[in-house]
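# Notes for the structure review
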Amino acid sequence: MASFNSFLFFLFSLLVISSIHAYQVSHDGRAITINGERRVLLSGSIHYPRSTAEMWPDLIKKAKEGGLDAIETYVFWNAHEPSRREYDFSGNLDLIRFLKTIQDEGLYAVLRIGPYVCAEWNYGGFPVWLHNMPGIELRTANQVYMNEMQNFTQLIVDMVKQEKLFASQGGPIILAQIENEYGNAQAAYGDAGRAYVEWCSNMAQSLDVGVPWIMCQQPDAPQPMINTCNGYYCDQFTPNNPNSPKMWTENWTGWFKNWGGKDPLRTAEDLAYSVARFFQTGGTFQNYYMFNIIDFKINTFTLDNVKIIVKLISLDLYLQGNLAQPKYGHLKELHDVLHSMEKILTSGNVNNTDLENSVAVTIYALDGQKSCFFSNANETTDATITHEGDKYNVPAWSVSILPDCKTEVYNTAKVNTQTSVMVKKSNDAESEPSSLQWSWRPERIDEAIVLGRGQSSAHELLDQKVVNDTSDYMWYMTNVYIGKNDPIWSDDMSLRVNGSGHVLHAYVNGQYLGSEWATYGIFNYVFEKKVKLNPGRNHISLLSATVGLQNYGPHFDTIQSGIPGPVEIIGKKGDERIIKDLSAHKWSYKVGLDGISNKLFAENTKFGTMKWHSHDVPINRRMTWYKTTFKAPLGDAPVVVDMQGLGKGMAWVNGQSIGRYWPSYLAKDGCSNDPCDYRGPYFADKCTSKCGEPTQRWYHVPRSFLSNDENTLVLFEEFGGNPSLINFQTVEVGTACGSAYENKTMELSCNGRPISAIRFANFGETEGSCGSFAKGSCSSEKDVVSIVKKECVGEEKCSVQASESVFGSTNCSNNAAKRLIVEAIC
């Protein structure tokens, strides 16, 4: 999985970071030490180009409030050096501003320079011009590549040093990373791969940043590099040096979603289990990948039409500006507990006892104090652990934490935080979609499909990367002469094209012939369709479209994009098939689309205000531009736009890209109607949903993109769709379902709006899930609904203790896990 991502919080007295005070950062086999303090570090990944700069303070503040100590981020080479030796650190790409925003919030930073990052990012973060440098081989002991990699790495380090942002200078950066997950691919590069790893280590050390360097997923990381773990679970990971701390750079909080993919879900219980197990087994640094990708399951986001992300993402703890509950709250509670035990976890003596049936007890002891972890890795059976005469029930696939080895204060399977059910509300500023007035204009394709005019030509089929990835689109155009006496001539001819771009559109003699697109993970596919050719000259135009370049795996950079060929005319006469291969013909090439080149989406362009038609707005028309104006939804709730009804294309709001859309691509079958069971190892297809629905329908529109007056939405529709269904809505908490086990406190919040009603409340045993609760076998004697109504209705948030002192005694058995369950309407 590409990289992703990470965090750590401040329940302890941390000095304000200043340019005067330099932090001494060191490590041993038990901990990272910062100015003499041995730390348990929790971190979360936030990728700065994926969110607007205006969002950074709020995102980072929410990370800190959620119990994180640090923010982890990649540095994106393709975004910062889109053309060789031409750099961009403006706007969303202002790395220094991002790091200073972290510093202003009092958090640490982990800088994963890479500069290969994977990260579900286009081409793994490499600028595509690297591919086109003579003699280059990527990610191996190749001098051309290493020169470029060192140049960029040195550039980043020098920028950061100049602003005194490394901890050794008083800044927030406590760790730096070189390369990324290379150990997963190294074997394919042989001895040159090993030599490259050594070179990376030496080069990084020579930069003298004054903080430790890490290499994730690199079992043979040279000393003094710290090798770290990525994955769903890293409790069994052991560093390759006993003096290195046990570090987890990517705890995958979910999984990415490809076009045609289902909605993935990793439960709060399982994620918390993985974190608790990691610290039970000696972990010292853990990072969530991702903590946030602000543009709600954002697809291939574009910045100035440079492709950034390869796949859709669904890994968040913080979505569309809203906290993803219960995951956020359940983990915050865990972070607070771990921080309360920081000293004993990093300096105490450890004793592990493995019991039967995958049950384990770990005791940390220091200065007469003890802290305990009780873990049960069994997937189906709860466990009873007897410790110092007391019995403790540990549910299957969970960890109980007892900071004093007497009282359980946290169990990963017992969620004591609310579940927020988000709802979308119509735009109160205007009546949509009926109020949206659309204009349109065609994409100019005649030069390609009729005239065959290109910008360059070659007697071969070119890899689409040859254009340095300046556009999703490239036209391949050629002429073929076929006389009636040609052996291939027949009444049954077809055009066959071997493609490796994600989408292929074929035109013959100015007429649309058909389209084909690949499924995820298929790098080659065949388009074949019958064609009627003319005697003499025939013009063939093929438009190849990508939605991002391959970003992961050994030699991923050599996987072709576009049309590798062959391109063939096939004539059939009875049982005889005659093939004319056009691959070596003279091909003309044109990069991009006119509308994108002329920035029809931009606010201030001479082309953006010209030649738009307001009459006879077509639907289901390929290669068409649409434009409308709209009013921003009232209030400050996050805004989304519904793309239902469209085919495939790109969208801009006030000139800012909100990404590629493809709602006509429906998720494949394979979802289960059974309740999601958190127990047992997580995998990508576990707990998936939304089969048969668009892979992505709703697109987050950052409030910072919107003005209080008129706003403009521009679409480029590639496949053909109906824009009349589009509308803007807000995303808010509709239902808040509170949960608290006995003697815990249930908290409810409507995120700034009042609680209007209590739909359900019970103290005892409850069946079902949020939205379908029912009383179980036992309940309290008092009217729980009335008590909760009195405390909560009319309030934006409320808290109620789950205890018999509040609700009276229950008729539950002694071993029943009594809970207060409340469903509130916001």
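Just so we're clear, the structure is a prediction, and the values are computed from it rather than from any experiment. (Residues numbered from 1 in each chain as written. Predicted model: local features only at pLDDT ≥ 70, side-chain atom pairs only at ≥ 80, totals over all residues. Heavy atoms only, no water.)

### Points about the environment of Gly521
- By secondary structure assignment, the location of Gly521 is in the loop between strand 29 (511-517) and strand 30 (525-530).
- Residue class for Gly521 comes out partly exposed when judged on its relative accessible area of 43%.
- For the pair Gly521 and Asn258, spaced 263 residues apart in sequence, the C-alpha separation works out to 9.3 Å. (Helix = DSSP H or I, 4+ residues; strand = E, 2+ residues; numbered from the N terminus. Buried < 20%, exposed > 50% of the residue type's maximum accessible area, 1.4 Å probe, protein only.)

### Regarding the pattern of salt bridges
- In the structure shown here, the tally under the stated rule is 39 salt bridges.
- Between Glu250 and Arg112 there is a salt bridge whose closest N-O contact spans 2.9 Å. With Glu250 in strand 10 (residues 246-252) and Arg112 in strand 6 (residues 108-114), this pair connects stretches of sequence that are 138 residues apart. Here Glu250 matches Arg112 in class, with each residue buried.
- A salt bridge links Glu333 to Lys744; its shortest N-O distance comes to 3.6 Å. Remark: Lys744 occurs in the loop between strand 41 (727-741) and strand 42 (745-749) and Glu333 occurs in helix 7 (residues 327-340); sequence separation between them is 411 residues.
- Residue Lys744 is classed as partly exposed on the basis of its relative accessible area, which comes to 24%.
- What emerges from the salt-bridge pattern is a single network uniting Glu81, Arg84, Arg85 and Glu148. (Salt bridge = Lys/Arg side-chain N within 4 Å of Asp/Glu carboxyl O.)

### A closer look at the environment of Leu713
- Examined against the element boundaries, Leu713 turns out to sit in strand 40 (residues 710-717).
- Its relative accessible area of 0% is what places Leu713 among the buried residues.
- Along the chain, Leu713 and Phe630 lie 83 residues apart, while their C-alpha atoms are 7.6 Å from each other.
- Setting aside anything within four residues of it in sequence, one finds Leu713 in contact with Trp438, Tyr626, Lys627, Thr628, Phe630, Trp652, Val653, Ile726 and Phe728. (Contact = heavy atoms within 4.5 Å.)

### Points about helix 6 (residues 268-280)
- When the terminal C-alpha atoms of helix 6 are compared, their 18 Å separation across 13 residues agrees well with the 18 Å that a helix rising 1.5 Å per residue should span.
- Taken across its 13 residues, helix 6 has 13 buried, putting it largely inside the fold.
- Among the residues trailing helix 6, Gly282 stands out with phi positive, at a value near 95°. (Expected span 1.5 Å × (residues − 1).)

### Section: helix 11 (residues 784-792)
- The complete set of buried residues in helix 11 reads Val784, Val788 and Cys792. The arc enclosing the buried residues of helix 11, seen along the axis, measures out at 40°, which places them on a common side.
- Looking at the residues trailing helix 11, positive phi occurs at Gly794, about 90°. (Arc of directions from axis to C-beta.)

### A word on the state of the cysteines
- Using the criterion set out here, one finds eight disulfides in the structure.
- Here Cys737 connects covalently by a disulfide to Cys770, the sulfurs 2.0 Å from one another. Residues Cys737 and Cys770 are joined through a disulfide that is right-handed, its torsion about the S-S bond being 75°. In this pair, Cys737 is assigned in strand 41 and Cys770 in the loop between strand 43 (757-767) and strand 44 (774-779), connecting sequence segments 33 residues apart.
- Summary of cysteine pairing: Cys216 is not part of a disulfide, and the nearest cysteine sulfur, belonging to Cys229, is at 9.3 Å.
- Since its relative accessible area comes to 2%, Cys216 is described here as buried. (Disulfide = S-S within 2.5 Å.)

### So, the side chain of Asn78
- Topologically, Asn78 is positioned in helix 2 (residues 77-80).
- Within polar-contact distance, the side chain of Asn78 engages the backbone oxygen of Asn122 at 3.5 Å. (Polar contact = N/O pair within 3.5 Å; in protein donor to acceptor, adjacent residues only side chain to side chain.)

### Points about the UniProt feature "domain: SUEL-type lectin" (unreviewed entry) in the protein chain
- Under the UniProt annotation, the feature "domain: SUEL-type lectin" (unreviewed entry) is placed at residues 740-826.
- Secondary structure over residues 740-826 splits into 15% helix and 41% strand, and the C-alpha atoms at its two ends are 19 Å apart. (UniProt positions renumbered as here; feature names shortened; annotations may be inferred.)

### Side note on the pairing of strand 26 (residues 473-482)
- By the criterion of burial, strand 26 is predominantly enclosed, with eight of the ten residues buried.
- Two strands pair when backbone bridges link them, and strand 26 and strand 31 (residues 536-545) are joined in this way by ten bridges, in the antiparallel orientation. Its bridge partner lying in strand 31, Met477 is registered against Ser541.
- With four bridges connecting them, strand 26 and strand 34 (residues 587-591) associate as antiparallel partners. Bridging from a neighbouring strand, Met477 pairs with Ser588 of strand 34. (Pairing = 2+ DSSP bridges.)

### Topic: the sheet that holds strand 3 (residues 37-39)
- The three strands lie next to each other as 1-2-3, forming an open sheet whose pairing is antiparallel. For this open sheet the edge positions go to strand 1 (25-27) and strand 3, each flanked by a neighbour on one side alone. Taken pair by pair, the neighbouring strands of this sheet meet at an average axis angle of 35°, ignoring direction.
- Judged from the three bridges that link them, strand 2 (residues 32-34) and strand 3 form a sheet pairing that is antiparallel. (Axes fitted to C-alpha atoms, helices over the stretch in contact; angles between N-to-C directions.)

### Here's the deal with the environment of Asn620
- Within the secondary structure, Asn620 is located in the loop between helix 10 (594-597) and strand 35 (624-631).
- Those residues in contact with Asn620 that lie beyond four places of it in its chain are Gly720, Gly721 and Asn722.

### Some details on the packing of helix 6 against helix 7
- Axis separation between helix 6 and helix 7 bottoms out at 9 Å; the angle between their running directions is 20°. Comparing the axis directions of helix 6 and helix 7 gives the class roughly parallel. Note that helix 6 runs across helix 7; the crossing there is right-handed. For the pair helix 6 and helix 7, the contacting residues are Ala268, Glu269, Leu271, Ala272, Val275, Ala276 and Phe279 in the first and Lys327, His330, Leu331, Leu334 and Leu338 in the second.
- Taken together, the residues that form the contact of helix 6 with helix 7 break down as nine nonpolar, one polar and two charged. (Parallel < 35°, antiparallel > 145°, perpendicular 65-115°, else oblique. Left-handed = near helix turned anticlockwise from the far one by under 90°. Nonpolar A, V, L, I, M, F, W, Y, C, P; charged D, E, K, R; others polar.)

### Section: the packing of aromatic side chains
- For the coordinates displayed, the defined rule picks out 48 aromatic pairs.
- Relative to Phe126, the ring of Tyr116 has its centre 5.6 Å away and its plane inclined at 55°; by these criteria the two rings are tilted. Here Phe126 lies in the loop between strand 6 and helix 4 (143-162) and Tyr116 lies in the loop between strand 6 and helix 4, a separation of ten residues in the sequence.
- Given a relative accessible area of 1%, Tyr116 falls into the buried group.
- Classification of Phe126 as buried rests on a relative accessible area of 0%.
- Ring plane angle 50° and centroid distance 6.4 Å describe the contact between Phe291 and Tyr328, whose orientation is recorded as tilted. Taken together, the residues span a long stretch of sequence, with Phe291 in strand 11 (residues 283-292) and Tyr328 in helix 7 at a distance of 37 residues.
- By way of ring pairs, the aromatic residues Trp77, Tyr116, Tyr123, Phe126, Trp129, Tyr145, Phe152, Tyr182, Tyr189, Tyr196, Trp199 and Phe556 are connected into one cluster. (Phe/Tyr/Trp six-rings, centres within 6.5 Å; stacked < 30°, edge-to-face > 60°.)

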